[in-house]
Amino acid sequence: MKLSTHFDSSEFACKCCGKSITMSKLLIDRLEKMHSYMNAKAIYVNSGYRCESNPYGKKTDAHRCGIAADIRVQKQDGTYYTSQDIAEVAERIGFGGIGLMLPDSCHVDTRDSEPYSNDHWFGNETTGNDFIKTFQRGTKFPGEKSAEPDIKAVQKALNAHGYDCGAVDGIIGPKTTAAMAKALSDLWC
Ligand SMILES: [Zn+2]
Ligand SMILES: [Zn+2]
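Values in this document were obtained by computation on a predicted structure and should not be read as measured data.

Draft legend 1. Representation of the coordination of the zinc ion (ligand 2) within the structure. Coordination of the zinc ion (ligand 2) by the protein is provided by His63 (NE2), Asp70 (OD) and His107 (ND1), with metal-donor distances spanning 1.9 to 2.0 Å. Considered as a linear motif, the donors of the zinc ion (ligand 2) on their single chain read H-x6-D-x36-H. For His63, a relative accessible area of 1% puts it in the buried group.

So, in structure tokens, the structure goes:
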């Protein structure tokens, strides 16, 4: 069953028996957000739901509650993001449970917003359960919305109001600079 644009319930079925439960909607929403934030080609679910007899599932496993996924994120060029990259975005999206699974997988769960035994855990599943404060390293991801101004839009607007920028080329040259200065001084005087 299709859960969202990029995810199907079959991807989250228990690896030991194929059993599925209803996965957290918040989990799926956040995975979709990650997909666009990272401009991913695909997000692969290594492990979603884990039943009671799944050898990897502990009693308190977030996977047993249907609120967790171990994922890999493929870039447009076919290579994979690192665990640290995935964790960095997961934290920005709001995941409260994040575990590095080096080199290129990451555990994410929504324990911050769903009933669970504790509401925060950032760690490293590969080297043990070290507690990590933050995964933020200031990485710029390709799907991230740019905070830079749209110069072409500014030039179009200036031209439309009689301030001559010349060509709408997205470059702040002498003509555009003069037009901006004139428009601003007209606005303020
Ligand atoms: Zn199973
Ligand atoms: Zn996991």
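The discussion continues.
Draft legend 2. Region of interest: the coordination of the zinc ion (ligand 1). Distances from the zinc ion (ligand 1) to its protein donors, Cys14 (SG), Cys16 (SG), Cys17 (SG) and Cys51 (SG), fall at 2.2 to 2.3 Å. Each of the 4 donor atoms around the zinc ion (ligand 1) contributes to a set of angles spanning 102 to 122°, which defines the coordination as tetrahedral. The sequence motif formed by the donor residues of the zinc ion (ligand 1) is C-x1-C-C-x33-C. Linking Cys17 in the segment before helix H1 (25-37) with Cys51 in the loop between strand S1 (42-47) and strand S2 (68-74), this pair joins segments that are 34 residues apart in sequence. With relative accessibility at 6%, the residue Cys51 sits in the buried group.

Draft legend 3. Structural detail: the nonpolar core. Counting 33 residues, the largest nonpolar core has Phe12, Leu31, Met34, Ile71 and Phe95 as its most contacted members. Looking at this core, the elements with two or more residues in it are H1, S1, S2, helix H2 (83-93), strand S3 (97-101) and strand S4 (105-109). With 5 residues, the next largest nonpolar core counts Leu158, Tyr163, Cys165 and Ala183 among its residues.

Draft legend 4. Looking closely at the pattern of salt bridges. If you walk through the whole model with that rule in mind, you get 13 salt bridges. With a shortest N-O distance of 2.6 Å, Arg92 and Glu88 are connected by a salt bridge. Residue Arg92 and its partner Glu88 are both found in helix H2; the two are separated by 4 residues, about one turn of the helix. For Arg92, a relative accessible area of 29% translates into the label partly exposed. Accessibility expressed as a relative area gives 0% for Glu88, which makes it buried.

Draft legend 5. Structural detail: the environment of Ala178. The topology assignment puts Ala178 in helix H4 (residues 174-188). Placed 47 residues apart in sequence, Ala178 and Phe131 show a C-alpha to C-alpha distance of 54 Å.

Draft legend 6. Quick peek at the side chain of Ser4. Along the chain, Ser4 falls in the segment before H1. The class of Ser4 is buried, set by a relative accessible area of 16%. Among the polar contacts listed, one links the side chain of Ser4 to the side chain of Glu32, at a separation of 2.6 Å. Once residues lying within four places of it in the same chain are set aside, the contact partners of Ser4 are Ile28 and Glu32.

Draft legend 7. Structural detail: the packing of helix H3 (residues 151-160) against H4. Relative orientation of the contacting elements H3 and H4 amounts to 60°, with a least axis distance of 11 Å. Regarding the angle of H3 to H4, the classification is oblique. At the point where H3 passes H4, the crossing takes the left-handed sense. Residues Val154, Gln155 and Leu158 of H3 pack against Thr176, Ala179, Met180 and Ala183 of H4. Among the residues forming the contact of H3 with H4, the class breakdown is 5 nonpolar, 2 polar and no charged.

Draft legend 8. Layout of the side chain of Asp109. With respect to the helices and strands, Asp109 occurs in strand S4. There is a polar contact of 2.9 Å between the side chain of Asp109 and the side chain of Arg111. With sequence-adjacent residues up to four places away left out, Asp109 is seen in contact with Ala62, Ile67, Ala68, Phe95, Gly96 and Gly97.

Draft legend 9. Spotlight on the domain arrangement of the protein. Taken domain by domain, the protein consists of domain 1 (9-131) and domain 2 (151-188). In this structure, domain 1 and domain 2 have C-alpha centres spaced 48 Å apart.

Criteria and thresholds
- Here, residues in each chain are numbered from 1, in the same order as that chain's written sequence.
- For naming, the first written chain is A and the first written ligand is 1, with later ones following in the order written.
- Where totals are concerned, whole chains, interfaces and linings use all residues; where local detail is concerned, this predicted model gives features only for residues with pLDDT of at least 70, and gives and counts side-chain atom pairs only at 80 or more.
- Side-chain measures were taken over the full set of non-hydrogen atoms in the model, leaving aside hydrogen atoms and water.
- Think of the donor list as every N, O and S atom within 2.8 Å of the metal, or within 3.2 Å for Na, K and Ca; water never makes the list, so a site can look incomplete.
- Per-residue accessibility, obtained with a 1.4 Å probe over protein chains only, is compared with the maximum for each type, and a residue is labelled buried under 20%, exposed over 50%, and partly exposed between these values.
- Here the metal geometry follows the donor angles, with tetrahedral for four donors whose angles all fall between 85 and 135 degrees, square planar for four and octahedral for six when opposite donors are more than 155 degrees apart and every other angle is between 65 and 115, and irregular for all the rest.
- Secondary structure counts use DSSP, requiring at least four H or I residues in a row for a helix and at least two E residues in a row for a strand, with both numbered from the N terminus.
- Each nonpolar core is a collection of buried residues, namely Ala, Val, Leu, Ile, Met, Phe, Trp, Tyr and Cys, held together in the definition by side-chain atoms within 4.5 Å.
- We define a salt bridge as a side-chain nitrogen of Lys or Arg found within 4 Å of a carboxyl oxygen belonging to Asp or Glu.
- Polar contacts, as counted here, are pairs of nitrogen or oxygen atoms within 3.5 Å of one another; within protein the pair requires one atom able to donate a hydrogen and one able to accept it, and residues that are adjacent in sequence qualify only if both atoms are side-chain atoms.
- Only heavy atoms matter for contacts: two residues are in contact if any of them lie within 4.5 Å across the pair.
- Angles run from 0 to 180 degrees between N-to-C directions of axes, and those axes are lines fitted to C-alpha atoms, restricted for helices to the stretch in contact.
- For classification purposes, an angle smaller than 35 degrees is called roughly parallel, one larger than 145 roughly antiparallel, one from 65 to 115 roughly perpendicular, and anything else oblique.
- In this scheme, a crossing is called left-handed if the near helix is turned counterclockwise away from the far one by less than a right angle; it is called right-handed if the turn is clockwise.
- Amino acid classes used here: Ala, Val, Leu, Ile, Met, Phe, Trp, Tyr, Cys and Pro are nonpolar; Asp, Glu, Lys and Arg are charged; the rest, including Gly, are polar.
- In this entry, domain limits derive from an automatic or database-based domain assignment.

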